[in-house]
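Observations on chain architecture
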Amino acid sequence: MTLRLPIRAGITALAVAMLAAVPAVAAEPTVNKGDNAWVMTSAVLILLMIIPGLALFYGGLVRSKNMLSVLAHVFYTVCVAILLWAIYGYSVTFTGGSPYIGGFSKLFLAGVTPETKAATFSVGANISELIYVCFQMTFAAITPALIVGAFAERMKFSALALFIPLWITLIYFPIAHMVWYWAGPDAIADAAAAVAAATDAVAKAAAQAKLDEVMADAGQIFSWGALDFAGGTVVHINAGIAGLVGALLVGRRIGFGKELMPPHSLTQTMIGAALLWVGWFGFNAGSALEASGAAALAMTNTFVATAAAALSWMFAEWVVKGKPSLLGALSGCIAGLVAVTPAAGFAGPMGSIVLGLVVGVVCLFFCSVVKNAFGYDDALDVFGIHCVGGIVGALATGILVAPALGGTGVYDYVAAKVADYDMVTQVLAQAKAVGLTIVWSGVGSLVLYKIVDLVVGLRPTPEAEREGLDLADHGERAYTM
């Protein structure tokens, strides 16, 4: 079985060889202060992505009477996600239990102290567990915040306030567990070393059974061998399909298709998009969990794929519509960031440029042609950019990871080397991950929206919607002029 992230292959191979040669107790993993500093910085960068980045990006795209409403939706989502993560989210996501959900051994962060450690992707290299808690906390915060753009300007705050904690608990935490939970390199290296050190058949059988147990201690999607460096499935497909379901259930905005509904401030949207791009380096490069070459690769890919997608969307729109729009370039920028997220630590820079060029055109097609053909009101193109871009990126990761295409290959921690690459097998694993995420999030979100609709109702009155949710829900205005 191959596992993800080909980080520091030479060091890992040396560590495993040393463990095999000396079957004594393995050295205690150490914490590198530089890695700690980088992951702490990355967590803050991701928070910058959400507030103010995502809030301004979304807020600028709606009409001025709903600007404050969008800001409130995003800010509320961040706050509730942080608390749920600390209370039980970290435990059910990153402890063993089943392939679909973890357990409660770290409920209320029990046992997590300044001294405890969390594994990275290198044998013997750990970071402080509280830093890992905070880093993953920001992923739990941004994912549901992405959803609110799909039904912007027409969902009651009370409905959102109930839906978000339910969705985080029943959709996000299980998907994150399925994709990202595993025993870690140290546990696998120790178990593999014990097998190599066994001197008789009985000892070898016992050691092999232990290795099999360690390998089985993983989320369902991870055990399939699917690759997701920083959240193509967990964040973008997950949020994108939930947004589409919400947009369909809530229905179109009053006047949709009949009245012009232009963004009220592309200046704010530009600022938000720029903050998203800056913060995304924490998202992608931070997911290496080390200040390493893998982080450098993810950083490079986050630069080039994003630029390629922004230009791809802009020039395609220029050809089709006759003018290159700033909104098109900004939308392409986000599409590129989304698509490169699962591939950031696996693809080579040239592969990432190709990915950006492709996803810009594909997402433009879905946000214009497909959306217009079906007539659904995905207000801020959450499905067209995040779900579609996430699918493109997730599937492309299975291709671009190929060493022959400049990718890193997939590291096998048991064999202590980069595994032989099989494109068909890898792409199939990626497709299974995409399929399970769509079904879990799509069906689960549908049920949750229905429950919320029965309890508090999803939509404001027509009068409140026409007045604007700033005043109707919050009694405030974004602007006083």
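Residues numbered from 1 in each chain as written. Predicted model: local features only at pLDDT ≥ 70, side-chain atom pairs only at ≥ 80, totals over all residues. Heavy atoms only, no water.

For the rest of this paragraph, the subject is the side chain of T93. Of note, T93 is situated in helix 3 (residues 67-94). The exposure class of T93 is buried, given its relative accessible area of 0%. Sequence-distant contacts of T93, that is, excluding residues within four places in its chain, are made with W85, F173, A176, H177 and Y181. (Helix = DSSP H or I, 4+ residues; strand = E, 2+ residues; numbered from the N terminus. Buried < 20%, exposed > 50% of the residue type's maximum accessible area, 1.4 Å probe, protein only. Contact = heavy atoms within 4.5 Å.)

Core analysis: the largest hydrophobic core is formed by 125 residues, its most contacted members being I50, Y58, W85, W167, Y172 and I334. Non-local contacts of W85, meaning those with residues more than four positions away in its chain, are made with Y90, T93, F94, V133, Q136, M137, A140, Y172 and F173. One finds F229, A230, A298 and F346 within the second-largest nonpolar core, a separate group that totals 12 residues. (Core = buried A, V, L, I, M, F, W, Y, C linked by side-chain atoms within 4.5 Å.)

There is a patch of nonpolar side chains on the surface, built from V439, V443, V447, I451, L454, V455 and V456 and spanning about 630 Å² of accessible area. With respect to the element layout, I451 can be found in helix 15 (residues 423-455). (Patch = residues over 30% accessible without salt bridge, like charges linked within 9 Å, V, L, I, M, F, W, Y side chains within 5 Å. Areas by Shrake-Rupley, 256 points an atom, 1.4 Å probe, with all protein chains shown as cover. Salt bridge = Lys/Arg side-chain N within 4 Å of Asp/Glu carboxyl O.)

The next point concerns the environment of F346. By the secondary structure assignment, F346 is in the loop between helix 12 (326-340) and helix 13 (349-374). Of the residues examined, F346 reaches a relative accessible area of 0% and is grouped as buried.

According to the stated counting rule, one finds nine salt bridges in the structure shown. One salt bridge in this structure joins D381 and K371, with 3.0 Å as the shortest N-O distance. Here D381 is found in the loop between helix 13 and helix 14 (382-400), whereas its partner K371 is found in helix 13, with 10 residues between them in sequence. The class for K371 is buried, based on a relative accessible area of 11%.

Before going further, it helps to spend a moment on the packing of helix 11 (residues 293-321) against helix 12. It is the contact of helix 11 with helix 12, at a shortest axis distance of 7 Å, that shows an interaxial angle of 140°. Considered as vectors, helix 11 and helix 12 are oriented oblique to each other. Crossing geometry of helix 11 relative to helix 12 is assigned as right-handed. Between helix 11 and helix 12, the residues in contact are N301, T302, A305, T306, A309, A310, W313, M314 and E317 and G328, A329, S331, G332, C333, A335, G336, L337 and V340, respectively. For the contact of helix 11 with helix 12, a count of residues per class yields 10 nonpolar, seven polar and one charged. (Axes fitted to C-alpha atoms, helices over the stretch in contact; angles between N-to-C directions. Parallel < 35°, antiparallel > 145°, perpendicular 65-115°, else oblique. Left-handed = near helix turned anticlockwise from the far one by under 90°. Nonpolar A, V, L, I, M, F, W, Y, C, P; charged D, E, K, R; others polar.)

Let us now look at the UniProt feature "domain: Ammonium transporter AmtB-like" (unreviewed entry) in the chain. Under the feature "domain: Ammonium transporter AmtB-like" (unreviewed entry), the UniProt entry names residues 37-479. For residues 37-479, helix accounts for 68% and strand for 2%, while the C-alpha atoms at its two ends are 39 Å apart. (UniProt positions renumbered as here; feature names shortened; annotations may be inferred.)

Another aspect to go through is helix 9 (residues 232-250). Quick reminder: α-helices carry 3.6 residues per turn. Residues three or four places apart thus point the same way. Between its terminal C-alpha atoms helix 9 stretches 26 Å, which fits the 27 Å expected from 19 residues at 1.5 Å a residue. Two residues or fewer past helix 9, G251 is found with a positive phi of approximately 95°. (Expected span 1.5 Å × (residues − 1).)

Time to look at the state of the cysteines. Under the criterion given, the structure shown has zero disulfides. Just so you know, C79 is unpaired, no disulfide at all, and the nearest cysteine sulfur is the one on C134, 15 Å from it. With a relative accessible area of 35%, C79 lands in the partly exposed category. Note on C387: no disulfide assigned, nearest cysteine sulfur contributed by C363 at a separation of 9.7 Å. Assessed through its relative accessible area of 1%, C387 is described here as buried. (Disulfide = S-S within 2.5 Å.)

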